[in-house]
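Below are the chains, spelled out letter by letter.
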Amino acid sequence: MPKLLMFHGRECPHCRAMMPLVDRLEKETGSSIERHEVWHDEKNADLMRSYRPILTPQCGGQLRVPTFLNTETNDAVCGEMPYEKLKEWATK
Amino acid sequence: MKKFWRCFVCNDIHYGFKPPELCPTCKVKNAYVEISAKEAKMIACAAAEGDFTKEDFRRAIEKFTAANPFKVNPDRDRTDILLEGIFSNEASHDLKYCPCRLMSKDWEEDLKIVCPCNFLIHETYQGRDKGECWCGLFIKR
Ligand code: SF4
């Protein structure tokens, strides 16, 4: 079973905007997305940094939030996006 | 490597590869001498008074944008959240790191995410009519 991760920051407006879409996605598809806040939790920050080689080429060369990662396919999308794009990432 | 320089007339401190030819404060030419990081820290910190609050920072970035083709986002709710994150990151990690990215723990890389960062190169800014920095703290005029 692939793991779907979301890395977000408490004071990141894009992350806040994505939260309701993540809730909706979980409800509609029955999938679950593990949320990791990275600026107030060093363990979560280290987890995100451990994926740096996978994430940065897909996210403008940096560790950005929000970032969504499928740990099986290593497919990552980042930033604020429409629901359809998020769903496409989650169901691919 | 960048070094520290001190104006021998007015004690302005400069950090860079080369000293300024003309001191921007006292206008004396060829006035800069190389100094150690310790001396630079002493002089700069001794001159620092009080806290630099969120409102000080807001004023600073408004002044910084005044003559630029971008401005501080007028959406106060958004900028309040961002400033809270920037200051919270400074409290826990010493610099005003971007709330919408994460430190990599690679010093040179992390200097690129100190606010304000060089957002002119962000794909959310470049080539867009309504361009903004990655977080939306700064927007095109
Ligand atoms: S993206 Fe915007 S808020 Fe983030 S560091 Fe750059 S200028 Fe500051």
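Anything mentioned here points back to the structure above.
Bear in mind that the values here come from a model prediction, so they are computed numbers and not experimental data.

Visitor: Got a sec to walk through the overall build of chain B? Specific residues and values, please.
Guide: Summing up its helical and strand segments, chain B has 4 helices and 5 strands in all. The helix and strand sequence of chain B, counted from the amino end, reads β-β-β-α-α-β-α-α-β. Dimensions along the principal axes, computed over C-alpha positions, put chain B at roughly 45 × 30 × 30 Å. Split into buried and exposed, the 141 residues of chain B put 35% on the buried side. The contacts in chain B between residues at least 6 apart in sequence include a share of 41% that link residues at least 24 apart. Carbon and sulfur atoms form 55% of the exposed surface of chain B, whose accessible area is close to 8900 Å². One way to put it: in chain B the 23 positive side-chain charges average out to a point 5 Å from where the 22 negative ones average out.

Visitor: So, the side chain of B:D110: which residues are in play, and what are the values?
Guide: Along the chain, B:D110 falls in helix 4 (residues 107-110). We note that B:D110 is buried and unpaired, the nearest opposite charge coming from A:R49 at a distance of 6.5 Å. A polar side-chain atom of B:D110 sits 2.8 Å from the main-chain amide nitrogen of B:K105. Excluding residues that lie within four positions of it along the chain, B:D110 makes contacts with B:Y97, B:M103, B:S104 and B:K105.

Visitor: Just give me the short version of the site of the ligand, but keep the residues and values in it.
Guide: In the region of the ligand, the neighbouring residues are B:C98, B:R101, B:C115, B:P116, B:C117, B:F119, B:H122, B:C133, B:W134, B:C135, B:L137 and B:F138. Here the residues of the shell around the ligand sort into 10 nonpolar, 1 polar and 1 charged.

Visitor: Lay out a nonpolar patch on the surface with the relevant residues and their values.
Guide: Together, B:F8, B:V9 and B:V33 give the surface a local cluster of nonpolar side chains, amounting to about 280 Å² of exposed area. Here B:V33 lies in strand 3 (residues 32-35).

Visitor: Report on the nonpolar core, specifying residues and quantitative values.
Guide: Core analysis: the largest hydrophobic core is formed by 38 residues, its most contacted members being A:F7, A:M48, A:L55, A:V65, B:C100, B:L137 and B:F138. Counting only elements with at least two residues in this core, the list comes to strand 1 (4-8) and helix 2 (42-50) of chain A together with helix 2 (54-65), strand 4 (70-72) and helix 3 (76-93) of chain B. Among the elements that take part in this core, helix 3 of chain B stands out by supplying 4 residues, more than any other. Among the nonpolar cores identified, the runner-up in size contains 14 residues, and A:M6, A:M19, A:I33 and A:Y83 belong to it.

Visitor: Quick rundown of helix 2 of chain B? Include the residues and the values.
Guide: All names here are of chain B. With 12 residues, helix 2 should cover 16 Å at 1.5 Å per step; its first-to-last C-alpha distance of 16 Å lies within 8% of that length. What helix 2 keeps buried is the set F57, R58, I61 and T65. Taken down its axis, helix 2 places every buried residue within 100° of arc, on the same side. For helix 2, the exposed residues lying more than 90 degrees away from the buried face are R59 and K63. On its buried side, helix 2 packs onto strand 4, helix 3 and strand 5 (138-140).

Here is what the cut-offs are and how they apply
- Residues numbered from 1 in each chain as written.
- Chains lettered and ligands numbered in written order.
- Predicted model: local features only at pLDDT ≥ 70, side-chain atom pairs only at ≥ 80, totals over all residues.
- Heavy atoms only, no water.
- Helix = DSSP H or I, 4+ residues; strand = E, 2+ residues; numbered from the N terminus.
- Buried < 20%, exposed > 50% of the residue type's maximum accessible area, 1.4 Å probe, protein only.
- Contact = heavy atoms within 4.5 Å.
- Areas by Shrake-Rupley, 256 points an atom, 1.4 Å probe, with all protein chains shown as cover.
- Lys, Arg positive; Asp, Glu negative; His and termini not counted.
- Charge placed at Lys NZ, Arg CZ, Asp CG, Glu CD.
- Salt bridge = Lys/Arg side-chain N within 4 Å of Asp/Glu carboxyl O.
- Polar contact = N/O pair within 3.5 Å; in protein donor to acceptor, adjacent residues only side chain to side chain.
- Near = heavy atom within 4 Å.
- Nonpolar A, V, L, I, M, F, W, Y, C, P; charged D, E, K, R; others polar.
- Patch = residues over 30% accessible without salt bridge, like charges linked within 9 Å, V, L, I, M, F, W, Y side chains within 5 Å.
- Core = buried A, V, L, I, M, F, W, Y, C linked by side-chain atoms within 4.5 Å.
- Expected span 1.5 Å × (residues − 1).
- Arc of directions from axis to C-beta.

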